[in-house]
Structure formats: C-alpha cells, structure tokens
Amino acid sequence: MPVWDDLVGQERVAAQLDAAARDADALVTATATKAPLPEASKMTHAWLFTGPPGAGRATAARAFAAALQCVSPDRALGGGPGCGFCDGCHTSLVGTHADVEIVRTDLLSIGVKETRELVRRAQLSPAVGRWQVIVLEDADRLTEGAGNVLLKAVEEPAPRTVWLLCAPSLEDVLPTIRSRCRHLTLRTPAVDAVADMLVRRDGIEPAVAAEAARATQGHIDRARRLATDPRARARRAAVLKLPLRVDDIGGCLKAAQELIDTAAEDTKQLAEEVDTKETEELKAALGGQSGSRMPRGTAGAMKDLEDRQKRRRTRTQRDSLDLALTDLTGFYRDVLALQLGSRVALANTDAQDTLERLARAASPEATLRRIEAIAECRDALDRNVAPLLAVEAMTMALRAG
Ligand SMILES: [Zn+2]
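By convention here, each chain's residues receive numbers from 1 onward along its written sequence. In view of the model being predicted, local features appear only for residues whose pLDDT reaches at least 70, and side-chain atom pairs are presented and counted only at 80 or more, with totals across whole chains, interfaces and linings using the full set of residues. Where side-chain values are given, they derive from all heavy atoms of the structure, hydrogens and water being excluded.

Quick note on the threshold: UniProt positions are given in the numbering used here, feature names are shortened, and annotations may be inferred rather than shown by experiment.
Labelled according to an unreviewed UniProt entry, the chain appears under the name DNA polymerase III subunit delta', originating from Streptomyces sp. NBC_00119. Looking at the chain in UniProt, the text filed under Catalytic activity (unreviewed entry) is "DNA(n) + a 2'-deoxyribonucleoside 5'-triphosphate = DNA(n+1) + diphosphate".

Here you go:
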C-alpha cells in the first residue's frame, strides 16, 4: 500500500507492519460487529523501531500510525489499510489526526512531567479514530524516571492504545521497556534507493539527488537537505576544506574556532526564529504586556521557558557540531579507502582531488589516528567538555605529520 512507499530500502519492516495493520483492522472490525476476535494476531500494543540515524525510524512509525487509522473503503477489498489518501491516513501523516500524538523533542531529555501527560492520554479511548497512537520519536531521550513512568503504561495498556517508540538502538531504551515492545530494525538504506526517492518524491534532478545521497551515505533527511538547501551545501564544502588547512598550529586553532562559530550561528538563527516568538506568546498568555512588568506569580513560568530555551540552544549547538564531525569522518574514511586501494564507493567524489592529495601525503595508520581523533572529540562533547577545547584538541590531532 502507498504508505509503505516512504520506507526507503526497508522491505522487511514494511511487510511486518503491513501484516500487523491488517490484523489490527480485522480486530477493530470484529469488535464493532461483535464477531469472534481473530486469533494469533500480528498486532500488538507496543513497538520499538530502531536503526541508524536517517534510516527513517520516525517515518516508519508514522506510516504505521496512518495504516492503523486508515478508513479507506477499499482496504477490505484485499489491498489492506494504508491508502495514504483517506482522511485517516492523510491527517496521521501530516500530524493533525486527533488520535495520533507525535512526540519529538528538541531537548536533550524527556522528563517525568511530560511523560505523565502522555501516559494520561494513553488511557483515553480514541476520539475519532480506530486506535489511540502515541509516537515517541526520541525514546532514547527519556530520563530514567520518565522511563519508569512509561513502563506502567506499556505494561497495562488501554485496549485501543498503541505505543510506537523510536530509538537508535536497543541499548538506548530501558531494558524493562524494550522487553515489552515488539522490535523492528531498520537498516541504512542503499545510496541508490535514497537517490531514487529524492527524484520520485521531491522532484530533485537525478544528478543532484545521486550526489546528495552519496555524500550522506544513506541518511535520508540529510540527503534531502543537502539536495535542496544551498546553505547546507556551503557548510559541507567548508568542512571538507578543513583537512587542507590544519598544517600549522595557527591553522588548527583557526579551523576549530570556525567550527564553533558556525555552530553558534546555527544556534543564534534558531533562537531568533523560535525563542522570541515563544517568549512573546507565553507573556501574552500570562497576561503581560510587551515592554511592561509581568504580573505577580508568573516568574516561575517565565523561568521554565528560559531554561527550556537554554537547553534547546545547547542541543542545537551540539547537533550542528556533530554534523560537521560526521562529514569529516566520512572524508577521512574516503582517504583511507584510497590508501588501501579498497573498491568501496567514495562518499565525497566532489572532493576527489583533495582526497587523493591527502591519501598520498600520509600513511593509512595516520589516517586511522585522525578518524580516532574525531571520535574522541565526539566523546568529549558528550561528556560536556567545553566545545572549543574539544574541537581544538581534534584539529591539532588532524595536523599533518
Ligand atoms: Zn487510508
């Protein structure tokens, strides 16, 4: 059915979800007509989608949500649910269905308070749809306390509630929760499959689509962004020039500062787009007037928002840096492939000259050490080492010789 077309390169997962959606449909119909319930249903109330970033975990969860809410009269004719066009499918896919709650966070963690709210919602019967579906796109960001709150809801679900959790890997989710979920693993889609999708769905020129898919190595969202956003292309080009600029200490420090500045710029842009509007909205909701003092008793709410915005800025800065480090790692992996005469397809064919120059200038061991230095920088950032220090240590380690 059409909703599964969005699962690029995930035929096995699509087949499993299709079977479950058909059984779910049969279950709802049987209940409505008081017919005997089907036995051995492939439907279950808690699912966990794992797979590498960009493989389409959230897309798969949404497609499943749509199929669960599909009301197309044709679904009984054998095609199964998931037409993609009926009201149930369409509103689920765009995120406006009353019984599909999509939770995605731009913070580093999801806390107990928000999770309690979700659990409360999960106890309700569907308002208009066939199921109450809650998609938790970043289940790996649940704090331990939040995980324990969720556990009860997953253990004793309401009859028509379905939890769809997404996380990079099984290890990212509390063992008690993952053991109660049916697990689906998405794999990194093939570069060709991603290029194909960009042409088919987004109408991108085949040559541009192919290059974006290759450069991002099967990461669908990044490939789309690279193919459609000139700013993203400029960023990547700048990062790929970095290896040529780190030949003395001055060059290393300057390159590190630029990486940090770029991340800060991304953060500032987001803050300008979102924070100001959010603050004004909250002020208005609390009865304050622009430019005047806020009414008594509202300081707590304002402080909460400021804290949230601060955490979000930290996350944006980290994501932006992480993207640059991903591009750099891919670059040195290509250098290594050339040095070893490996036949794997290069990701950065647009920088072939630079790759060859660096491949000649160093040994494979030196290249491996550089790839390790980037990984160490990532670890340091995860441990909250000051970003500039971590990145400087990395650029110094990337230096030739
Ligand atoms: Zn439909």
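Back to the text.
Digging into the coordination of the zinc ion
The cut-off we apply is this: In this listing, donors mean N, O and S atoms no farther than 2.8 Å from the metal, or 3.2 Å for Na, K and Ca; water is missing from the atoms, so a site can look incomplete. By the criteria applied here, four donors are tetrahedral when all angles lie between 85 and 135 degrees, four are square planar and six octahedral when opposite donors are over 155 degrees apart and every other angle lies between 65 and 115, and any other arrangement is irregular.
In this structure, Cys70 (SG), Cys83 (SG), Cys86 (SG) and Cys89 (SG) serve as the protein donors to the zinc ion, at separations of 2.3 Å. One can describe the site at the zinc ion as tetrahedral: its four donor atoms subtend angles covering 104 to 114° at the metal.

Some thoughts on the pattern of salt bridges
Keep this limit in mind: Note on definitions: salt bridges are taken to be side-chain nitrogens of Lys or Arg within 4 Å of carboxyl oxygens of Asp or Glu. Here a helix means four or more residues in a row that DSSP labels H or I, a strand means two or more in a row labelled E, and each is numbered from the N terminus. Think of it in three bands: residues with accessible area under 20% of the maximum for their type are buried, residues over 50% are exposed, and the middle band is partly exposed, with areas taken using a 1.4 Å probe on protein chains only.
Per the stated rule, a full pass over the model turns up 27 salt bridges. We note a salt bridge from Asp25 to Arg130, for which the minimum N-O separation is 2.4 Å. You can see Asp25 sitting in helix α1 (residues 11-32) and its partner Arg130 sitting in the loop between α4 (112-122) and β3 (132-136), a full 105 residues away along the chain. Residue Asp25 is classed as buried on the basis of its relative accessible area, which comes to 13%. Here the residues in one salt-bridge network are Arg231, Arg235, Glu265 and Asp266, joined through shared partners.

Observations regarding the environment of Thr31
Keep this limit in mind: The contact definition used throughout considers only heavy atoms, calling two residues in contact when any of these lie within 4.5 Å. N or O atoms within 3.5 Å of each other form a polar contact, as long as, within protein, one can give a hydrogen and the other can take it, and as long as residues adjacent in sequence are counted only when both atoms are side-chain atoms.
Tracing the sequence through the fold places Thr31 in helix α1. When the C-alpha atoms of Thr31 and Cys70 are compared, they prove to be 17 Å apart, with 39 residues separating the residues in sequence. Ignoring anything within four residues of it in the chain, the contact list for Thr31 reads Leu37 and Arg160. In terms of polar contacts, Thr31 uses its side chain to reach the side chain of Arg160, at 3.5 Å.

What about the pairing of strand β2 (residues 100-103)?
So the rule is basically this: Paired strands, as defined in this entry, are two strands with at least two bridges between them according to DSSP. When the strands point away from the viewer and the path from the first strand over the helix to the second turns clockwise, the crossover is right-handed.
Judged from the four bridges that link them, β2 and β3 form a sheet pairing that is parallel. Each bridged residue has a counterpart across the sheet, and for Val103 the counterpart in β3 is Leu136. Running through α4, the crossover from β2 to the neighbouring parallel element β3 is right-handed.

Thoughts on empty space enclosed by the protein
Leftover empty space is mapped by rolling, across the atoms, a probe with the size of a water molecule. Convention followed: Space inside and on the surface of the protein is sampled on a 1 Å grid over the protein atoms alone, with a cavity defined as a set of points where a 1.4 Å probe fits but cannot get out and a pocket as an open set with protein on both sides within 12 Å along at least 5 of 7 lines; lining residues have an atom within 4 Å of a point. Grid points are joined across faces, edges and corners, and a volume is the space filled by probe spheres set on the points. Note on residue categories: nonpolar means Ala, Val, Leu, Ile, Met, Phe, Trp, Tyr, Cys or Pro, charged means Asp, Glu, Lys or Arg, and polar means any other residue, Gly included.
Applying the stated criterion to the full structure yields one cavity of 30 Å³ or more. Computed from the structure, the largest cavity encloses a volume of approximately 40 Å³. Lining the largest cavity, in full, are Val119, Ala122, Gln123, Ala153, Glu156, Pro157, Ala158, Thr161 and Trp163. Contributions of two or more residues to the lining of the largest cavity are made by α4 and β4 (161-167). In terms of residue class, the lining of the largest cavity is made up of six nonpolar, two polar and one charged.

Here we look at the nonpolar core
Going by this rule: The nonpolar core is taken to be a set of buried Ala, Val, Leu, Ile, Met, Phe, Trp, Tyr and Cys residues, with the residues joined through side-chain atoms within 4.5 Å.
If you look at the biggest cluster of nonpolar residues, it comprises 35 residues, and the most contacted ones within it are Trp4, Leu17, Met43, Trp47, Phe49, Phe64 and Leu164. Among residues more than four places away in sequence, those in contact with Phe49 are Leu17, Arg57, Ala60, Ala61, Phe64, Leu164, Leu165, Cys166, Ala167, Leu184 and Leu186. Of all hydrophobic cores here, the second largest spans 33 residues; its members include Val239, Val335, Leu355 and Leu398.

A few points about the state of the cysteines
Should the sulfur atoms of two cysteines be covalently bonded, the bond is a disulfide. To keep things clear, this is the line we draw: Two cysteine sulfur atoms form a disulfide, by the criterion used here, when they sit within 2.5 Å.
Per the counting criterion, the structure on display carries zero disulfides. Free cysteine Cys181: the closest other cysteine sulfur is in Cys166, separated by 11 Å. The buried category is assigned to Cys181, whose relative accessible area is 12%.

Remarks on the packing of helix α12 (residues 299-339) against helix α13 (residues 352-361)
A pair of packed helices is captured by two measures, namely the crossing angle of their axes and the spacing between those axes. Here is the rule we go by: Axis lines are fitted to C-alpha atoms, over the contacting stretch for helices. Their N-to-C directions set the angle, which ranges from 0 to 180 degrees. Comment on the angle field: the value is read as roughly parallel under 35 degrees, roughly antiparallel over 145, roughly perpendicular from 65 to 115, and oblique elsewhere. Should the near helix be turned anticlockwise from the far one by less than a right angle, the crossing is termed left-handed; should it be turned clockwise, right-handed.
Between α12 and α13, whose axes approach to 9 Å, the crossing angle comes to 60°. Here α13 runs oblique to α12, going by the angle between their axes. When you trace α12 past α13, the crossing you get is right-handed. Counting all contacts with α12, which are made through Phe331, Asp334, Val335, Leu338 and Gln339, the residues of α13 involved are Thr354, Leu355, Glu356, Leu358 and Ala359. Residue composition of the contact of α12 with α13, grouped by class: six nonpolar, two polar and two charged.

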